[in-house]
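Understanding the architecture of this molecule
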Amino acid sequence: MKHLIRLNRQLHSEFTGRVWARESEGCLLLEGGLDNWDDIVRAGNLAVHARKKFTRRFLRELQKDGERLGGVVNNIRFNGRSPMRVPDIQDNAVEGMRPDALVIGGGISGCAIARELSRYALDILLVEKEHDLAMHASSRNDGMVHPGVDLHKGQWKYRYNMRGNALYEKLCEELNVDFEMSGQYVCFSNPLLKPLLYLSLLYWKWMGIPARVVGKKELRRLEPGLKEDLVMALFFPSTGVVCPYSLTIAFAENAVENGVRLSLDTAVLDMETSEGRVTAVKTNRGTVYPKVVINAAGVFSDEVAAMAGDRFFSIHPRAGSSAILDKKFTRALVRTCAAKIGTASKSAHTKGGGVIRTVHRNILVGPDAVETPERENFATARESIEATIAKFTATCARMNTAQIINYFTGIRSPTWEEDFVVCKGRRCANIIHAAGIQSPGLTAAPAIAVDIAAWTAELLAAAGTDVQPNKKFNPVRRRIPHIAAMSDEDRAAMIQQNSDHGIILCRCEEVSKGEIIDSLHRAVPCDTVDGVKRRVRSGMGRCQGGFCGPLILQIIAEEKGIPLWSVGKSNGKSQVLCGPSKDSQ
Ligand SMILES: Cc1cc2nc3c(=O)[nH]c(=O)nc-3n(C[C@H](O)[C@H](O)[C@H](O)COP(=O)(O)OP(=O)(O)OC[C@H]3O[C@@H](n4cnc5c(N)ncnc54)[C@H](O)[C@@H]3O)c2cc1C
């Protein structure tokens, strides 16, 4: 108890009495009001730090009946935050549905869970508030399949990362998604550290992470683009790269092919609960009556938990921006992933990223880490990108801002404990959380999905549902054939079959008209320019859609039977054209 008193004293002196802490139902509640987000972050960090000092006896007392211990719940009032963006659509598309399980969130977590659940003969509904899948963190990340460096054995992040990493190879083969176990170099410039590096191999062995020391000559041979003063490195061969949105979409397509229902533009707005169970879930497209609810709502996972009366953690969003460099510089920079030690700032709770060669041979540089109250502001600050490039010139001296073709910002969803919340509900009997899924959430998603599907089956069986395997489950997904990656014979045969594959529309990424048309008629519907881009990479190259953009608009309009001016860039509201011109009428 004395730690709680000490924490309150500290909060009182730091924030002149405007913030205080109290224990409630095993959670550490922060209350009061502040008008500066940095102060709120500071208060949260003080609370979580103080909580680490709570005695075991006190923690045991909080953990009544062996239930999971709650975390820091930050209820400090702050007025400068935008509310969740909700789609304009109001209809009854999901009204009255009674699925066995409702999965909330079409990011990598929700889609992996939906696919894993489709192994059972169950009625599964996946809802996503955006117009497409992977619109939040799952398309705005570095696509690294982490080896587990920077994690600690006691963390859920560590456990799920290690299991997820091991699942990737087979999974990407089944889903027909590009994946490369390319490895990662953590580089050093001080030769005196060599003995320490060898000593550290014992630690990596204990962590279960394969590693070896690479000397100067070998490093130069393997990665000639690294800065001259980098004289040795630790090499982690179990680091991989994957395209995160391709994988998310592949999970969802395979789930839908195996019977999962998907409703896009569907935001969960509220829930009705009775006797510690969710009885109804209200959306902008009608009310759903699920037996089990799965919360995979990313940055909004604490709000979804609150709707179910089960908010025992809270999210403090953290933005990260990365730059995408032109493919033509790839050879001069890195062939795997690399970063000089020290350029990855651990204090900011990021794995620090690095210089990463993607599966598509672009170079990604970043991300940084900036605390923000905004959960959906994906704007990228110029200073962020410039600072990131400057930082990583310590790894690749030849890198510069002129090589950038695009950039992006994603928002991580950490809890104050900086760990995943993957568990059944504490106060609500029919909810399961995949919350606080910050990095390495992409790596961990396949393993999280396995556990959550098993728990869902358990909850359903306990409530009397007959849970049987889905005899028709097919783990294999057909990919959209990419004409440029084919052998001459296969390409000729493909064009013979369908001449649209002989018309290259996106010249930078060599994407054919046939591929674009294919992307519009898949298991998961897509009808926007960005949707096509995420599926076949049209517009991802140096010209960023300058040439192929108008042609793609036209194909979408023709294939969907809609006017040209109603085709959206990223959703139904972001039309590229404003209307018919005089000449076209
Ligand atoms: C900059 C950056 C770099 C990263 N790099 C890596 C990396 O290299 N490797 C790695 O392993 N991890 C990385 N991560 C972490 C990884 O991207 C995330 O952990 C992962 O994408 C989280 O997936 P998710 O499905 O849980 O959340 P999200 O992808 O955010 O998906 C949640 C979905 O829920 C939807 N939603 C929210 N509220 C509602 C509602 N009320 N109703 C309906 N739908 C709702 C949202 O629209 C969203 O689509 C990175 C993250 C960032 C931001």
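Reference entry: report on the structure contained in this document. Given the structure is predicted, the values throughout are model-derived calculations rather than measurements.

**Notes on the packing of aromatic side chains**
In total, this model carries 8 aromatic pairs according to the counting rule given. Relative to W206, the ring of Y203 lies with its centre 6.1 Å away and its plane at 40 degrees, an arrangement referred to as tilted. On the criterion of helical spacing, the pair formed by Y203 and W206 is a turn pair, its members being 3 residues apart in helix α6 (residues 194–207). A residue is classified by how much of its surface remains accessible, and W206, at 52% relative accessible area, is exposed.

**Some remarks on the sheet that holds strand β13 (residues 268–274)**
Within a beta sheet, neighbouring strands are joined by backbone hydrogen bonds and run either parallel or antiparallel to one another. Spatially, β13-β14-β15 is the arrangement adopted by the 3 strands of the open sheet, whose pairing is antiparallel. Both outer strands of the open sheet, β13 and β15 (286–288), are each paired with one neighbouring strand and no more. Between one strand and the next, the sheet's axes are offset by a mean angle of 25 degrees, whatever the strand orientation. With 6 bridges connecting them, β13 and strand β14 (residues 277–283) associate as antiparallel partners.

**As for the environment of K52**
Position of K52 relative to the elements: it lies in helix α2 (residues 37–52). Take K52: its relative accessible area is 66%, and that puts it in the exposed class. Remark: the alpha-carbon pair of K52 and E417, spanning 365 residues in sequence, is separated by 9.4 Å.

**Side note on the site of the ligand**
Around the ligand there are 38 residues in total, and S109, E128, S138, M144 and I437 lie nearest to it. The backbone of Q438 places a nitrogen or oxygen atom 3.1 Å from an oxygen atom of the ligand. S439 places a polar side-chain atom, nitrogen or oxygen, 3.4 Å from a nitrogen atom of the ligand. In isolation the ligand has 1,000 Å² of accessible area, and contact with the protein removes 98% of it. Those elements that place two or more of their residues in the shell around the ligand are α4 (108–117), β22 (404–412) and α11 (441–462). Residues that form the shell around the ligand fall into these classes: 15 nonpolar, 17 polar and 6 charged.

**Let's talk about the sheet that holds strand β5 (residues 124–127)**
As summarised here, the arrangement of the 6 strands in space is β12-β5-β4-β16-β24-β23, forming an open sheet in which the pairing is mixed. Each having just a single partner strand, β12 (261–263) and β23 (421–424) make up the two edges of the open sheet. Within the sheet, the average angular offset between the axes of one strand and its neighbour, ignoring direction, is 15 degrees. Relative to strand β24 (residues 431–435), β23 runs antiparallel, the two being bridged by 4 bridges. Counterpart to C423 in the pairing with β24 is H433.

**Some thoughts on the side chain of N430**
Counting through the fold element by element, N430 comes out in the loop between β23 and β24. A polar contact is formed between the side chain of N430 and the backbone nitrogen of V278, at a distance of 2.7 Å. Contacts of N430, omitting those with residues within four sequence positions, involve G276, R277, V278, P290, K291, V292, V293 and L459.

**A look at the packing of helix α1 (residues 2–14) against α2**
Contact geometry for α1 and α2: axes closest at 10 Å, N-to-C directions at 160 degrees. Looking at the two axes, α1 sits roughly antiparallel to α2. The element α1 and its partner α2 pack so that their crossing is right-handed. Taking contact as the criterion, the partners of L7, Q10, L11 and E14 in α1 are, on α2, R42, A43, L46, A47 and A50. Of the residues assigned to the contact of α1 with α2, the class counts are 6 nonpolar, 1 polar and 2 charged.

**A word on helix α15 (residues 549–560)**
Count 3.6 residues to each turn of an α-helix, and residues three or four apart come out pointing the same way. The terminal C-alpha atoms of α15, which comprises 12 residues, lie 16 Å apart, in line with the 16 Å expected from a rise of 1.5 Å per residue. For α15, every residue scored as buried is listed here: G549, I552, L553, I555, I556 and A557. For α15, the elements touching its buried residues are β25 (504–506), α13 (513–519) and α14 (529–536). Looking one or two residues past α15, G561 carries a phi angle of roughly 65 degrees, positive in sign.

**Some details on the environment of I341**
Residue position: I341 is located in the loop between β18 (337–340) and β19 (354–357). Between the C-alpha atom of I341 and that of W455, which follows or precedes it by 114 residues, the distance is 40 Å. With near-sequence residues (within four places) excluded, I341 lies in contact with V186, C187 and F188.

**Focus: a nonpolar patch on the surface**
A cluster of nonpolar side chains, contributed by L564, W565, V576 and L577, occupies part of the molecular surface with about 310 Å² of accessible area. Of note, W565 is situated in the segment after α15. Since its relative accessible area comes to 36%, W565 is described here as partly exposed.

What counts as what
- Residues numbered from 1 in each chain as written.
- Predicted model: local features only at pLDDT ≥ 70, side-chain atom pairs only at ≥ 80, totals over all residues.
- Heavy atoms only, no water.
- Phe/Tyr/Trp six-rings, centres within 6.5 Å; stacked < 30°, edge-to-face > 60°.
- Helix = DSSP H or I, 4+ residues; strand = E, 2+ residues; numbered from the N terminus.
- Buried < 20%, exposed > 50% of the residue type's maximum accessible area, 1.4 Å probe, protein only.
- Pairing = 2+ DSSP bridges.
- Axes fitted to C-alpha atoms, helices over the stretch in contact; angles between N-to-C directions.
- Near = heavy atom within 4 Å.
- Polar contact = N/O pair within 3.5 Å; in protein donor to acceptor, adjacent residues only side chain to side chain.
- Areas by Shrake-Rupley, 256 points an atom, 1.4 Å probe, with all protein chains shown as cover.
- Nonpolar A, V, L, I, M, F, W, Y, C, P; charged D, E, K, R; others polar.
- Contact = heavy atoms within 4.5 Å.
- Parallel < 35°, antiparallel > 145°, perpendicular 65-115°, else oblique.
- Left-handed = near helix turned anticlockwise from the far one by under 90°.
- Expected span 1.5 Å × (residues − 1).
- Patch = residues over 30% accessible without salt bridge, like charges linked within 9 Å, V, L, I, M, F, W, Y side chains within 5 Å.
- Salt bridge = Lys/Arg side-chain N within 4 Å of Asp/Glu carboxyl O.

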